[in-house]
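Residue-level structural notes
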Amino acid sequence: MWYGTYNGGLYKYDYQTKKFTYFDIKNGLAANWITSITEDRHHNIWVGHWHKDKGLGGITRIGVDGLKVFNTHNGLHDNQIWCLTEDAEGNILIGTTEHGLDIFKGEQFVSFTTLDGLKNNQVWTVTQDNLGQIWFGTNEGITVYNNNLNNKLFIHYNQGANFISNQIRFLKKDKNRNIWIGTADQGLLLFDSHLRRFVSQPDFNAKLGQNPEIRAMEIDKNNHLWVGTWDGLMEFNLDTKKYLQTYDQGTAGLPGNDISALFADSKNTLWVGARGKGIGKITNGVVTLINQLNNITPTAFTEDVNGNIWIGTESRGIIVYADSILKTYTTGNGLISDIINLLITDNESNIYVGTNKGLNIIDIRHDHIFTYTRKNGFTGIETKNNACFRDNSGNIWIGTVNGAFLCNSSAIKKSFNEPIIHITDFKVKGETVPMVTNLRLTSNNNDISFSYISICLTNPDAVRYRIMLSGLHDEWQDVGEENMITFNKLQPGRYTFNVIARNDEGIWNSVPAQFGFRILAPFYKRAWFIIMIIMVVLATIISYIKIRERNLINEKRLLEEKVKERTLALSVANDELARKNKDILDSITYAKRIQFSILPPDIPFDNTLILFKPKDIVSGDFYWLTTAGGKEFLAAVDCTGHGVPGAFMSFIGYTSLNKIVIEQGIYQPAAILNRLNEEVAHTLHQKGEDIVNDGMDIALVCYDPQRHLLEYAGAFNPLLIIRGSEIIETKADRFAIGRSTGKEKEFTNHILALENNDVIYMFSDGYADQFGGPDGKKFKTANLKELLVSVHSMPMDEQRQVLDKTIEDWRGGHEQIDDILIVGRRFVFNAS
């Protein structure tokens, strides 16, 4: 029996020993004035205090670990306490004098921020050294914490004081207890735990090349250091201090070169995540791709007690894998977010999941997901990628954008209680109606709304609802956080409203809250009224038909005469229209002959392809090939519009190019385009500040076969050179031929040195803009570039066939929307 006194301390009476134990401020009580006493489910005694000095008082907790005081110095908002009780979720509810209700939700998280001694709140990585100290990697260097909660001592290392990088991204301890440091700007660094100093790694960093940013890092059981970069994966032997080899997509078979995550499992298999490309695993130097998991971005890995691999992704939640996909976790089945930043397993059967919206803990044994946000102590909210560590005591450390957090797994509350759900309000057309049994509503009172609530003091943000209106729904409807639902214009019938809730532990109600009601049918839907209306309608219809038949006979006779007259007139008009259509079609067809006659009948250069697909009979795209002054010229031109308007522009462009190059002897591509711009503007009378939308886009190259030099200039249309599997793109100027705003524009001349077997491509926008595929979307320039890379090594004629077939298969039943033109050429330098 516990007795609290006014200014006389606290007494405990033991019925078995018949003895009293006395507590006062001398042995740890917060104050001698006792206002309330309660016992929690863990048999701790909570004592509330009051004191005339508002700076004193608070709460004392008495448990197996002794006495602990809570007051305004460590979280309480008011030291004047009047009442205490424990709720169904294990929270301690605290009634104060001047600050309303406080809620104690446990001590599962201890935060470390700049207010406690960190140098910077952006904590990217955490580890523990051989002395038991905790290391934090931040944006302002390294902070080392002595791990003594009663005497927090922080030591800082940074670029200014210690000549190390400030951008710390990874801290990994090897089997020799040295700490390897991965940075975002200076590659690798070593902290020698025996010498207690930092050691630079010039030999290792030389292998990183010009981009020293480390994207992922891991040390396996062989004491091999694995470093992921933008360009692949490198392996170092830390015992011999030797670089071993580089793994990439081309030579080793990795899924991709941009490494997003690394993890060495208990079998010493290295799991490798590549951004947007999926997962590979390396066993004894052999790379195996996980084909079931391609096209994802893995962000984190961990291994559970059963040996299954848990894979966090950038937007698809968590995938549990063991030779096949065993299970997935997303927001649909309890995660707070599908963007996973970190995964780590504790000493039991819990998976800690860090996201951009908070922390989830998945209890594998009970298959429950617990949610932690600012409302229940995890104030870091957004976790950092792979910023997690399990220390020697089994506690989990997590880095966030708002400091580091120590997760005390023994203090994590797991009650597995079902939430309590109540229907709080029932409204008909906006007016509250009592929820009585067998409620009947008239047919016009069919706009219904329900309000409902489930209170979760531990984490209100985690509460979710599902509703089902029996009579309207066959399945549960997920309504998220909404605690009110409205049904408009319900049909007559019997209905039962059901609602269940999910709490922060991911537990749904097994029995829903319910309310049943009935909406009566209106009088005009009753049987006798419907039969009467049918009889009246039938009588009216019969009378109308009789009258209408008589009138139709007379109208028929008049219409037959008018039809004969109009048929004769229509026949004459159709003949005239057919004649005019034939004249127009013949003219356009002849224009096609003229247009195609000016195009080169044969391709004058070897290893050249032309894919030319006009949208209409005549085209606004054209290609131009010629030889002059010992140089070879190729151009792909896209004139304004297509059909007849585009064809007129193509005549102007073709004759102007011949005039400029052949007659005027201008051979530099930029000079040719400058002159062509003047010719077209003059032809179209574009002067001064007038803006006319007629013009053309062009890619023009001049090849010198003696020096193997290629000169290029372009208006909107770029030049692609494919060398090996690499695309070298030369951008065009961002203004078109013939479109003037009154400001002089000069085109840029690009000089490019060619190598043997280089392939160039020039094209109009018709191919990339063509709609098609399963979703009716554009083909897009990026897909065209990938296609050109995949076919560039084929003979040019085969390339043309593949390009033609690809766009036709893509187009399917869709209409061709524009002229299509692709010009390509392979340059082969024969030693002669």
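Along each chain, the written sequence defines residue order, and numbers are assigned to residues from 1. Since the coordinates come from a predicted model, pLDDT governs what is reported: local features require at least 70, and pairs of side-chain atoms require 80 or more to be given and counted, while whole-chain, interface and lining totals use all residues. Water and hydrogen atoms were dropped before computing side-chain values, which therefore reflect all heavy atoms in the structure.

**Brief notes about the packing of aromatic side chains**
The cut-off we apply is this: For this analysis, a ring pair means two rings from Phe, Tyr or Trp (six-membered ring only for Trp) whose centres lie within 6.5 Å, classed as stacked if their planes differ by under 30 degrees, edge-to-face if by over 60, and tilted for the remaining angles. The numbering of helices and of strands both runs from the N terminus, where a helix is a DSSP run of H or I of at least 4 residues and a strand a run of E of at least 2. Here's how the labels work: a residue is buried when its accessible area is under 20% of the maximum for its type, exposed when over 50%, partly exposed in between, all with a 1.4 Å probe on protein chains only.
Under the defined criterion, the tally for this structure stands at 53 aromatic pairs. Ring centres 4.8 Å apart and planes at 55 degrees place the aromatic pair Phe-112 and Tyr-145 in the tilted group. One end of the pair, Phe-112, is in strand E11 (residues 109-112); the other, Tyr-145, is in strand E14 (residues 141-145), and 33 residues separate them in sequence. For the pair shown, Phe-112 and Tyr-145 are each scored as buried.

**Here we look at the sheet that holds strand E55 (residues 750-753)**
Here is the rule we go by: At least two DSSP bridges between two strands are required for those strands to pair. Think of each axis as a best-fit line through the C-alpha atoms, taken over the contacting stretch in the case of a helix, with angles from 0 to 180 degrees between the N-to-C directions. Should any heavy atoms of two residues lie within 4.5 Å, those residues are counted as being in contact.
Here five strands make up an open sheet; going across it, the order is E49-E50-E51-E52-E55 and the pairing antiparallel. The sheet terminates laterally at strand E49 (621-628) and E55, the two strands that pair on one side only. When the angles between neighbouring strand axes are averaged without regard to direction, this sheet yields 15 degrees. Here eight bridges tie E49 to strand E50 (residues 631-639), and the two strands are oriented antiparallel to one another. Note on E50: the bridge partner recorded for Trp-624 is Ala-635. The strands that helix H5 (residues 669-683) touches are E50, strand E51 (696-704) and strand E52 (709-715); relative to E51, the one it contacts most, it runs at about 145 degrees.

**A closer look at the side chain of Gln-770**
Filter applied, for reference: Polar contacts here mean pairs of N or O atoms no more than 3.5 Å apart (in protein, one a potential hydrogen donor and the other a potential acceptor; neighbouring residues in sequence count only if both atoms are side-chain atoms).
Its location among the elements puts Gln-770 in the loop between strand E56 (758-763) and strand E57 (771-772). In terms of polar contacts, Gln-770 uses its side chain to reach the backbone carbonyl oxygen of Glu-815, at 3.0 Å. Setting aside anything within four residues of it in sequence, one finds Gln-770 in contact with Lys-777, Lys-778, Phe-779, Ile-807, Trp-810, Arg-811, His-814, Glu-815, Gln-816 and Ile-817.

**Digging into the sheet that holds strand E9 (residues 92-96)**
Ordered in space as E8-E9-E10, the three strands form an open sheet in which the pairing is antiparallel. Because the sheet does not close on itself, it has two edges, and the strands there are strand E8 (81-86) and strand E10 (101-104). Geometrically, the sheet is characterised by an average inter-axis angle of 20 degrees between neighbouring strands, direction not taken into account. Sheet analysis places E9 next to E10, joined by four bridges and oriented antiparallel. Looking at the pairing, Leu-93 lines up with Ile-103 of E10.

**Brief notes about the pairing of strand E4 (residues 34-39)**
On any regular strand, side chains alternate: one points to one face of the sheet, the next to the other face. Where E4 lies against strand E5 (residues 45-49), five bridges are found, and the strand directions are antiparallel. Pairing of Thr-38 across the sheet is with Trp-46, part of E5.

**Points about the pattern of salt bridges**
This is how it is decided: By salt bridge we mean one thing: a side-chain nitrogen of Lys or Arg within 4 Å of a carboxyl oxygen of Asp or Glu.
Inspection of the entire model under this criterion finds 31 salt bridges. Of the charged contacts in the structure, one is a salt bridge between Lys-175 and Asp-239, with a shortest N-O distance of 3.2 Å. A residue pair is termed long-range when its members are at least 10 positions apart, and Lys-175 in the loop between strand E16 (168-173) and strand E17 (179-183) and Asp-239 in the loop between strand E22 (232-237) and strand E23 (242-247) qualify at 64 residues. For Asp-239, a relative accessible area of 41% corresponds to the partly exposed category. A salt bridge links Arg-723 to Asp-758, with the shortest nitrogen-to-oxygen separation between them at 2.7 Å.

**Re unusual backbone geometry**
Phi is positive for Arg-177, close to 70 degrees, though the residue is something other than glycine. Relative to the elements of secondary structure, Arg-177 occurs in the loop between E16 and E17. The phi dihedral of His-708 is positive, around 55 degrees, even though this residue is not glycine. Of note, His-708 is situated in the loop between E51 and E52.

Honestly, it's all geometry; don't read function into it.
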